[in-house]
Amino acid sequence: DINRQEDCNLTAKHLSTEPEAIDFLKTSPVQRAISRSVYAEEYEVSLRECMAHSPAAEAMLQAHMQQVVGQRKNPQLGPFLEHLRSLKPRELRAIS
């Protein structure tokens, strides 16, 4: 059972910048809780492409940005997200 609550919820114990902790996040369901903020620009591009002709597109983009801003403003989570963003491959950082 890989989607148990304790396996999916981001907690303070996950906010380590140690290489082993980052490696764990890469393969853990916990990464879903932060991927939107780490890859905010890529999510936005994808939403624009997928929802281009939908009347709900703008509302979805606003909801996306609200979540990203909320996570980035968090005093514990924000710096951790910025650290993760700095680890993105160069070609993805160019989008940011």
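The structure presented is a predicted model; accordingly, all values stated were derived computationally and were not measured.

A. Geometry of the overall build of the chain. Helix and strand content of the chain: seven helices and zero strands. When the helices and strands of the chain are placed in sequence order, the string is α-α-α-α-α-α-α. With respect to the principal axes defined by its C-alpha atoms, the chain has extents near 40 × 35 × 25 Å. Within the span of the chain, comprising 96 residues, buried residues form 29% of the whole. When contacts within the chain are restricted to residue pairs at least 6 apart in sequence, those whose partners lie at least 24 apart make up 57%. When the accessible area of the chain is evaluated, it comes to approximately 6,500 Å², of which 54% is carbon and sulfur surface. Within the chain, the 13 negative side-chain charges are centred at a point lying 3 Å from the centre of the 12 positive side-chain charges.

Analysis parameters
Residues numbered from 1 in each chain as written. Predicted model: local features only at pLDDT ≥ 70, side-chain atom pairs only at ≥ 80, totals over all residues. Heavy atoms only, no water. Helix = DSSP H or I, 4+ residues; strand = E, 2+ residues; numbered from the N terminus. Buried < 20%, exposed > 50% of the residue type's maximum accessible area, 1.4 Å probe, protein only. Contact = heavy atoms within 4.5 Å. Areas by Shrake-Rupley, 256 points an atom, 1.4 Å probe, with all protein chains shown as cover. Lys, Arg positive; Asp, Glu negative; His and termini not counted. Charge placed at Lys NZ, Arg CZ, Asp CG, Glu CD.

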